[in-house]
Amino acid sequence: MDWVEVETPGPGPKMLWPMAWSLLPLVGGLLLLIRDGSLLATSFLAMGIMLSLIAVWIGTTNMPGRVDMLVLLVSPFGAFILFFQPPEIIQAIIALIIWTINYRTAAFLSALSGKSYRCKWDPRVPLPEIDGATYLHRKWAARPLFRIGSNVVRGIRVGSDIMLESDTPITFTFSDE
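Keep in mind the model is a prediction, meaning the values are calculated, not measured.

## Details of helix 4 (residues 88-112)
Given 3.6 residues per turn, any residue in an α-helix points the same way as the ones three and four places further on. Taking 1.5 Å of rise per residue, the 25 residues of helix 4 would be expected to cover 36 Å, and the 36 Å separating its terminal C-alpha atoms lies within 8% of that figure. Along helix 4, the residues classified as buried are Q91, A92, A95, I98, W99, N102, T105, A106, L109 and L112. On the buried face of helix 4, the contacting elements are helix 1 (16-35), helix 2 (39-62), helix 3 (69-82) and strand 2 (114-120). Backbone geometry just after helix 4 places G114 at a positive phi near 115 degrees.

Spelled out as structure tokens, the structure:
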């Protein structure tokens with residue numbers, strides 16, 4: 001099984017603008033929170049969280065299958081929780097933790113952009129059993145198939161070719177039993 005390195009367009013700098021602009025309402029909200037703790041401060045914190053989510057959303061639409069849906073759901077739930085007006089320190093902690101999660105996700109997606117590895121695959125052949133792999137699907141399909149650590153193996157179609165795509169190459173060992 002030969003893996004071929006291919007250049008893939010990635011989100012790269014497209015995520016930079018929303019992530020940078022998310023700092024403005026986040027810092028403004030933190031300053032207002034320290035000053036008077038009003039609903040305006042909470043609104044700014046929520047807006048900062050949602051702007052950082054836009055950056056991650058741009059990255060995940062350009063590079064599908066690399067981020068779990070639960071990571072994307074943290075931001076809207078966190079922004080919603082802020083409007084229940086917990087104590088100011090809790091609001092600040094929630095906003096900073098969620099923004100940090102979004103920043104790390106955006107950095108992860110930006111680091112992956114540029115290359116991936118592909119190999120041709122016959123969809124009639126079942127996927128091999130790999131120790132330590134978390135399977136999302138047991139048969140080939142044009143979607144994420146399994147995960148080994150942080151490496152996600154996806155099924156893709158390029159023209160008429162059916163392939164597996166991965167962030168790093170994987171060695172499959174088949175046993176003839």
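## A few points about the sheet that holds strand 6 (residues 161-166)
The six strands lie next to each other as 1-2-6-5-4-3, forming an open sheet whose pairing is antiparallel. In the strand order of this sheet, the two ends are held by strand 1 (4-8) and strand 3 (133-135), each with one partner. When strand polarity is set aside, the average angle formed by the axes of neighbouring strands in this sheet is 30 degrees.

## Points about the packing of helix 2 against helix 4
In contact at an axis separation of 9 Å, helix 2 and helix 4 are set at 15 degrees when each is read in the N-to-C sense. Taken together, the axis directions place helix 2 and helix 4 in an arrangement best described as roughly parallel. Every pair of crossing elements has a handedness; the one defined by helix 2 and helix 4 is left-handed. Together, T42, L45, G48, I49, S52, L53, V56, G59 and T60 of helix 2 and Q91, A95, I98, W99, N102, T105, A106 and L109 of helix 4 make up the contact between the two elements. Here the contact of helix 2 with helix 4 is composed, by residue class, of nine nonpolar, eight polar and no charged.

## Thoughts on the pattern of salt bridges
Side chains that carry opposite charge are capable of pairing whenever their charged atoms lie near each other. Inspection of the entire model under this criterion finds seven salt bridges. With a closest N to O distance of 3.0 Å, E165 and R118 form a salt bridge. Remark: R118 occurs in strand 2 and E165 occurs in strand 6; sequence separation between them is 47 residues. One salt bridge in this structure joins R124 and D122, with 3.2 Å as the shortest N-O distance. By relative accessible area, R124 is classed as exposed at 72%. When its relative accessible area of 30% is taken as the criterion, D122 is described as partly exposed. Each of R118, R154, E165 and D167 takes part in a single network of salt bridges with overlapping partners.

## Looking at the environment of L39
By the element assignment, L39 lies in helix 2. Sequence spacing of L39 and W57 is 18 residues, and the spatial spacing of their C-alpha atoms is 27 Å. With sequence-adjacent residues up to four places away left out, L39 is seen in contact with F83 and Q85.

## Notes on unusual backbone geometry
For Q85, which is not glycine, the phi torsion reads 55 degrees and is therefore positive. Residue position: Q85 is located in the loop between helix 3 and helix 4. Here Q85 falls in the partly exposed class, since its relative accessible area comes to 34%.

Definitions and limits used
- Residues numbered from 1 in each chain as written.
- Predicted model: local features only at pLDDT ≥ 70, side-chain atom pairs only at ≥ 80, totals over all residues.
- Heavy atoms only, no water.
- Helix = DSSP H or I, 4+ residues; strand = E, 2+ residues; numbered from the N terminus.
- Expected span 1.5 Å × (residues − 1).
- Buried < 20%, exposed > 50% of the residue type's maximum accessible area, 1.4 Å probe, protein only.
- Contact = heavy atoms within 4.5 Å.
- Pairing = 2+ DSSP bridges.
- Axes fitted to C-alpha atoms, helices over the stretch in contact; angles between N-to-C directions.
- Parallel < 35°, antiparallel > 145°, perpendicular 65-115°, else oblique.
- Left-handed = near helix turned anticlockwise from the far one by under 90°.
- Nonpolar A, V, L, I, M, F, W, Y, C, P; charged D, E, K, R; others polar.
- Salt bridge = Lys/Arg side-chain N within 4 Å of Asp/Glu carboxyl O.

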